[in-house]
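As a plain string of letters, each chain reads:
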Amino acid sequence: VKDTAAMAGEQLQVLSALDAAKTQWYHFTAIIVAGMGFFTDAYDLFCISLVTKLLGRIYYHVEGAPKPGTLPPNVSAAVNGVAFCGTLSGQLFFGWLGDKLGRKRVYGMTLMLMVIASVASGLSFGDTPKSVIATLCFFRFWLGFGIGGDYPLSATIMSEYANKKTRGAFIAAVFAMQGFGILVGGAVAILLSASFKAAFPAPPYEDNPIGSTVPQADFMWRMVLMFGAFPAALTYYWRMKMPETARYTALVAKDAKQAAKDMSKVLQVELEVEEEKVIGKRNADHQFGLFSKQFLRRHGLHLVGTTTTWFLLDIAFYSQNLFQKDIFSAIGWIPPPQTMNALQEVYKISRAQTLIALCSTVPGYWFTVFFIDRIGRFAIQLMGFFFMTVFMFAIAIPYDHWTRKDNRIGFVVIYSLTFFFANFGPNATTFVVPAEIFPARLRSTCHGISAASGKAGAIVGAFGFLYAAQPKDPAKRDAGYPAGIGVRYSLIMLGCVNFLGMLFTLLVPESKGKSLEEMSKENAEEEE
């Protein structure tokens, strides 16, 4: 028995080979193939805000109203919220399935689901507002479900493929594919709205309410939504060719032979097979489950840390959509809706959002990729939450000062910095850390739980604050919403949320430069 325990103490050669591997071409293909879900996720989230504006004009036009039609609060919440609910369920379900069946087998399913649902969300049955919105919501739920599955699987696959020196950068790079999704979404929306606008000129809303929305605009939003399926469909073939990760094969499926075979293909080196060591592992392996006392003792606080930080971050992160429209109108990037026709509005909004993304969101991701293995996850997360807290308060406390015309540039700079530090900060690290600190057979489940907790935060951020931010003055409120506490108090609350995030970050361990087995103590002997 003594031998087996000693053997379990060493790491399998396959795994140490992966840990020590130089950065190779397969790492980069893995980033692109694994990042496709995030590409689709960001693309879809970006585009839906444009689409809802257009849907309001097409399907909710009110005769004789001074302003163009908008989606009623419940409809708007449904269109946006149903995808979040789908994502949350997908994260839990596929996270669990990824540990049950293996990462690879589940990986093709999530992608197919995303492709089919993306295409279907552009095809609606019937032409009444009700039927269009109902089918859109139905397929957006399933799109979310597929995207949700991609969260735990992509993170786990990438962390299990990567070497220990640059693992953080690789997982963060998968997440940074969101940046490309945003930019491609922006580009597609700008190109389509510009070409439709040129082909079908229309007067602004105030001159001709009906004529300002050309019938062809109904095709435009469908094309934008359906285009999201293309990049994902293209990577399906490579996803199917990726072998199962060695860590799953060796540590969960207990087949070292297969693991060595798969990885010698990937790493292009000969790895000898170590049957006997795995047998040793089999005996010494601690098979505690998610709900066991042992898990609670070893990883309980870690799981609390990863779920709460992700929850708190997403409240702040997804509340940004609330302020975006105020900000753009404040800077004068987007004129009042009644002065534009429908396609013009889509063009102007997508241009503004792409600009903000280009300047603050996207660089934040790549800063994380660059620094995460140098200064570590913990430092980035703590620093990110700290600056988010500072900047939120800097906007909130002198809020009236920022709303004046002369100060609006300062307002935009601080606003951009808040979201730069979200991405060069907790938005990226909360995704990386859960993929590194849990044992292999629970890794994708725990990542799914953390991610789902984040999506719950997103729901609070996107809807709770949508209602909270409504001003007391009925004239200034969005049509159909009850009175809230106003933007300023909402921002103060968000500042406090970020501060809490900073505190809960203290529960999360640093995984920089350590092997996955060292983090989860999988090759340590059972401590009695």
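What counts and how
- Residues numbered from 1 in each chain as written.
- Predicted model: local features only at pLDDT ≥ 70, side-chain atom pairs only at ≥ 80, totals over all residues.
- Heavy atoms only, no water.
- Helix = DSSP H or I, 4+ residues; strand = E, 2+ residues; numbered from the N terminus.
- Buried < 20%, exposed > 50% of the residue type's maximum accessible area, 1.4 Å probe, protein only.
- Areas by Shrake-Rupley, 256 points an atom, 1.4 Å probe, with all protein chains shown as cover.
- Axes fitted to C-alpha atoms, helices over the stretch in contact; angles between N-to-C directions.
- Parallel < 35°, antiparallel > 145°, perpendicular 65-115°, else oblique.
- Left-handed = near helix turned anticlockwise from the far one by under 90°.
- Nonpolar A, V, L, I, M, F, W, Y, C, P; charged D, E, K, R; others polar.
- Salt bridge = Lys/Arg side-chain N within 4 Å of Asp/Glu carboxyl O.
- Patch = residues over 30% accessible without salt bridge, like charges linked within 9 Å, V, L, I, M, F, W, Y side chains within 5 Å.
- Contact = heavy atoms within 4.5 Å.
- Expected span 1.5 Å × (residues − 1).
- pLDDT = per-residue confidence, 0-100.

Caption draft 1: Just the overall build of the protein chain, in detail. Per the secondary structure count, the protein chain includes 23 helices and zero strands. The buried share of the protein chain, taken over its 528 residues, is 58%. Counting only carbon and sulfur atoms, one obtains 69% of the accessible surface of the protein chain, whose full area is about 21,000 Å².

Caption draft 2: Seen up close, the packing of helix 3 (residues 25–59) against helix 6 (residues 129–161). At a minimum axis separation of 10 Å, helix 3 and helix 6 run at an interaxial angle of 160°. Classified by the angle their axes make, helix 3 and helix 6 are roughly antiparallel. In the packing of helix 3 onto helix 6, the handedness of the crossing is left-handed. Per-class residue counts for the contact of helix 3 with helix 6 are 17 nonpolar, four polar and four charged.

Caption draft 3: Representation of the pattern of salt bridges in the model. Summed over the entire model, instances satisfying the criterion amount to ten salt bridges. Notably, a salt bridge pairs R140 with D44, separated by 3.0 Å at the nearest N-O pair. Here the residue R140 occupies a position in helix 6, and D44 occupies one in helix 3, the gap between them amounting to 96 residues. Look at D44 and you get buried, because its relative accessible area is 8%. Ionic pairing is found between R443 and E160, a salt bridge with its closest N-O pair at 2.5 Å. Residue R443 is found in helix 21 (residues 440–468), and its partner E160 is found in helix 6; the two are separated by 283 residues along the sequence. Of the residues examined, R443 reaches a relative accessible area of 0% and is grouped as buried. What makes E160 buried here is its relative accessible area of 0%.

Caption draft 4: Inspection of a nonpolar patch on the surface at higher detail. A cluster of nonpolar side chains, namely F499, L500, L503 and L506, defines an oily patch on the protein surface of about 370 Å² accessible area. By secondary structure assignment, the location of L506 is in the loop between helix 22 (486–505) and helix 23 (516–519). A relative accessible area of 55% places L506 in the exposed class.

Caption draft 5: Seen up close, the packing of helix 6 against helix 21. Close contact between helix 6 and helix 21 brings their axes to 8 Å; oriented N to C, the two are set at 135°. If you check the angle between helix 6 and helix 21, you find them oblique. For the crossing formed where helix 6 meets helix 21, the hand is right-handed. Contact residues: Y151, P152, A155, T156, S159 and E160 in helix 6; A440, R443, S444, H447, G448, A451 and K455 in helix 21. For the contact of helix 6 with helix 21, the per-class residue count stands at five nonpolar, five polar and three charged.

Caption draft 6: Looking closely at helix 21. Helix length check: helix 21, at 29 residues, gives a terminal C-alpha distance of 41 Å against a target of 42 Å (1.5 Å per residue), a fit within 8%. The element helix 21 is extensively covered by neighbouring structure, given that 23 of its 29 residues are classed as buried.

Caption draft 7: A look at the environment of A422. With respect to the helices and strands, the residue A422 is situated in helix 19 (residues 408–423). You can call A422 buried: its relative accessible area is 0%. Distance in space between the C-alpha atoms of A422 and M383 is 9.6 Å, their sequence separation being 39 residues. Not counting residues within four places of it along the chain, the set of residues in contact with A422 comprises F317, M388, N427 and A428.

Caption draft 8: The arrangement of the environment of R408 in detail. Along the chain, R408 turns up in helix 19. Taking the C-alpha atoms as reference points, R408 and F328, separated by 80 residues in sequence, lie 9.8 Å from one another.

Caption draft 9: The arrangement of the confidence of the model for the protein chain in detail. Taken residue by residue, the protein chain gives an average pLDDT of 84. The fraction at 70 or more is 89%. Across residues 1–9, where pLDDT falls below 50, the model places eleven contacts with residues more than four positions away in sequence or in other chains.

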